[in-house]
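Close look at the chain arrangement
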Amino acid sequence: MMKNNDKQIVSLDPILNRKFPCFLDIEKAAQKRMPRFIREYISGGIGQDLGVTRNRTELDNVLLTPRYLVETDDVNIECEILGQQYDAPFGVSPVGFGDLAWPKSAQIIASAAKAHNIPFGSSIFTLCNLETIRQHAGSSAWFQLYHPKDPAVTRDLLLRAETAGYKNLLVTVDVPAPTRRDHDIRNGFLLPVHIGLRNLVELILHPGWTLASTQTGFPVFENFTPYIKGRVSKNEALAVSSDMLAGHVTPDMLSALRENWRGNLIIKGVLDSDEAIQYKSAGADGFVVSNHGGRQLEAAPSPVQVLPQMRNVLGDDVVLIAEGGVRTGLDICRMLALGADFVMAGRPFYCAVAALGAKGASHMMSVLKDELTCTMGQLGCNQLAELSSRLFNENESETSRSVLPF
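Note that the structure is a prediction, hence the values are computed from the model and not measured. (Residues numbered from 1 in each chain as written. Predicted model: local features only at pLDDT ≥ 70, side-chain atom pairs only at ≥ 80, totals over all residues. Heavy atoms only, no water.)

We now examine the packing of helix α6 (residues 130-137) against helix α7 (residues 151-164). Two numbers describe how α6 lies on α7: the axes approach to 10 Å, and their chain directions differ by 25 degrees. In terms of their interaxial angle, α6 and α7 are classed as roughly parallel. As α6 packs across α7, the resulting crossing turns out to be right-handed. Every residue of α7 that contacts α6 at Leu130, Glu131 and Arg134 is listed here: Leu157, Arg160, Ala161 and Ala164. (Axes fitted to C-alpha atoms, helices over the stretch in contact; angles between N-to-C directions. Helix = DSSP H or I, 4+ residues; strand = E, 2+ residues; numbered from the N terminus. Parallel < 35°, antiparallel > 145°, perpendicular 65-115°, else oblique. Left-handed = near helix turned anticlockwise from the far one by under 90°. Contact = heavy atoms within 4.5 Å.)

Laid out in structure tokens, this is it:
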């Protein structure tokens with residue numbers, strides 16, 4: 001078991017807690033500070049946002065039964081996953097372009113994750129390079145890979161990640177084709193970037209975001225700059241970076257990844273248990289059960305709908321991480337009760353930085369920890385492993401009532 005030597009004691013700020021006691025309050029503040037084209041990119045899904053809505057609705061429908069004839073004086077939310085000990089059973093999902101919510105969001109959240117001793121998923125599309133993120137997050141850093149078309153680029157990225165000290169590789173497989181998001185098309189939020197009159201007005205109406213972004217400079221995907229050949233503008237470099245990626249991750253690609261990566265290999269975006277078995281046979285160490293936050297396929301089921309079956313099929317020894325729609329400590333309990341070993345969320349932390357600046361990420365993490373501890377106390381659970389026994393099953397409840405003698 002690996003311990004995180006960067007661990008610090010982080011307390012909930014009482015002033016921030018009064019003003020922003022939950023994610024909904026944080027989200028409202030963030031929406032006011034971000035231009036519309038950024039706001040809709042960060043919060044929106046694909047199509048009519050049915051996938052985003054489904055993730056939220058399915059989580060809300062998960063009920064947990066409290067037990068009161070127990071002792072819960074010492075609730076413990078620490079956990080171990082993939083050989084490392086963390087202070088809570090949740091981490092930060094990789095979010096491409098997440099830095100656009102507020103400049104340098106990724107570095108801010110990475111530093112907060114280090115202080116809170118929870119994982120930080122560094123997107124390959126973070127606007128700073130993987131080495132910089134590793135410096136901010138320390139041993140809490142996990143690296144996310146979209147598979148490049150060029151095997152040489154893939155091998156070099158893996159070598160860079162290993163050299164920087166990453167132990168966990170998240171291989172995203174649920175973006176097999178270019179994505180068409182209606183709100184991004186309406187807003188002109190496409191590559192290469194073009195700022196039209198409508199977005200120019202939005203920039204004027206949100207001077208705080210605009211000034212901070214201007215000071216940071218034009219966004220560039222720094223992870224890809226070593227591989228861009230020839231003289232191109234920064235705007236062109238964004239499009240070139242995106243074009244460097246493959247679509248489907250083939251079995252051969254996966255085998256090569258396993259051969260060239262000595263750390264933990266986690267497949268992100270799996271929704272089918274049979275496919276998960278194939279990934280496991282190819283050397284996967286775990287899975288992120290996710291529909292990409294409802295951003296890729298509007299008809300995809302939510303993690304809540306497939307998680308119990310995946311746990312049943314794969315057994316207790318396979319690491320399952322759930323992601324999609326998580327906004328509260330209660331949601332974390334729900335996912336764990338359904339069979340997840342760990343939970344990840346992305347939007348809450350980037351919204352928190354947009355709303356509150358440098359203090360936002362740490363505050364959001366503290367709120368989730370506090371909500372999680374509170375919920376477990378209400379449920380009568382001292383340990384995370386007890387949450388599965390609190391899952392309410394309406395069918396079982398109906399059966400028990402049917403056999404009562406009165």
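Here helix α5 (residues 105-116) crosses α6 at 35 degrees, and the two axes come no closer than 7 Å. Of α6, the residues touching α5 (which contributes Ala106, Gln107, Ala110, Ser111 and Lys114) are Thr132, Ile133, Gln135, His136 and Ala137. Here the residues of the contact of α5 with α6 are counted per class, giving four nonpolar, five polar and one charged. (Nonpolar A, V, L, I, M, F, W, Y, C, P; charged D, E, K, R; others polar.)

Bringing unusual backbone geometry into the picture now. Despite not being glycine, Lys104 has its phi angle at roughly 65 degrees, a positive value. Note on placement: Lys104 falls in the loop between β3 (90-92) and α5. For Asn117, which is not glycine, the phi dihedral falls at a positive 55 degrees. Secondary-structure assignment places Asn117 in the loop between α5 and β4 (120-122). The class for Asn117 is buried, based on a relative accessible area of 2%. (Buried < 20%, exposed > 50% of the residue type's maximum accessible area, 1.4 Å probe, protein only.)

A few words now on empty space enclosed by the protein. Counted by the stated rule, this structure contains two cavities of 30 Å³ or more. Volume-wise, the largest cavity comes out at about 40 Å³. Lining the largest cavity are 11 residues, with Gln84, Ser139, Ala141, Gly165 and Lys167 sitting closest to its centre. Here the lining of the largest cavity is built from residues that sort into four nonpolar, five polar and two charged. In this model, the second largest cavity occupies a volume close to 30 Å³. Around the second largest cavity, the lining residues are Tyr146, His147, Thr172, Val175, Ala246, Gly247 and Val249. Among the residues making up the lining of the second largest cavity, the classes are represented as four nonpolar, three polar and no charged. (1 Å grid on protein atoms, 1.4 Å probe; cavity = no way out; pocket = protein on both sides within 12 Å on 5 of 7 lines; lining within 4 Å. Points joined across faces, edges and corners; volume = space filled by probe spheres on them.)

On a regular strand, each side chain points to the face opposite its neighbour's, so the side chains alternate between the two faces of the sheet. Of all five residues that make up strand β6 (residues 168-172), five are buried, and the element is covered over most of its length. Note: strand β5 (residues 141-145) against β6, three bridges, orientation parallel. Bridge pairing in β6 places Leu145 opposite Val171. Each parallel crossover has a hand, and the one from β5 via α7 to β6 is right-handed. Relative to strand β7 (residues 264-270), β6 runs parallel, the two sharing five bridges. Opposite Asn168, over in β7, you have Asn264 as the bridge partner. (Pairing = 2+ DSSP bridges. Right-handed = clockwise from strand over helix to strand, strands pointing away.)

Before going further, it helps to spend a moment on the pairing of strand β10 (residues 342-345). A two-sided burial pattern is seen for β10, the buried positions comprising Phe342 and Met344 on one face and Val343 and Ala345 on the other. Of the strand pairs in this sheet, β3 and β10 are connected by three bridges, and their pairing is parallel. By the bridge assignment for β10, Phe90 is matched with Val343. Taking the sense of rotation as the criterion, the β-α-β connection linking strand β9 (residues 319-323), helix α15 (residues 329-338) and β10 turns out right-handed.

This paragraph deals with the state of the cysteines. Under the definition given, this model contains zero disulfides. In this structure Cys79 is a free cysteine whose sulfur lies 12 Å from that of Cys333, the closest cysteine sulfur available. Cysteine Cys374 remains unbridged, with the sulfur of Cys333 as its closest cysteine sulfur at 9.4 Å. (Disulfide = S-S within 2.5 Å.)

Quick look at the packing of aromatic side chains now. Evaluation of the coordinates by the stated rule reveals 13 aromatic pairs. Ring centres of Phe125 and Tyr146 lie 5.7 Å apart, and the angle between their planes is 55 degrees; on these two criteria the pair is classed as tilted. In this pair, Phe125 is assigned in the loop between β4 and α6 and Tyr146 in the loop between β5 and α7, connecting sequence segments 21 residues apart. Across this residue pair, the class does not change: Phe125 and Tyr146 are buried. (Phe/Tyr/Trp six-rings, centres within 6.5 Å; stacked < 30°, edge-to-face > 60°.)

On inspection of all chains with the given rule, the structure shows 11 salt bridges. The salt bridge partner of Arg334 is Asp331, with a shortest N-O separation of 3.0 Å. Of the two residues, Arg334 and Asp331 are both situated in helix α15; the distance of three residues between them amounts to about one turn of the helix. Like Asp331, Arg334 is buried. Three or more residues are tied together by salt bridges with common partners; here these are Arg56, Asp60, Asp331 and Arg334. (Salt bridge = Lys/Arg side-chain N within 4 Å of Asp/Glu carboxyl O.)

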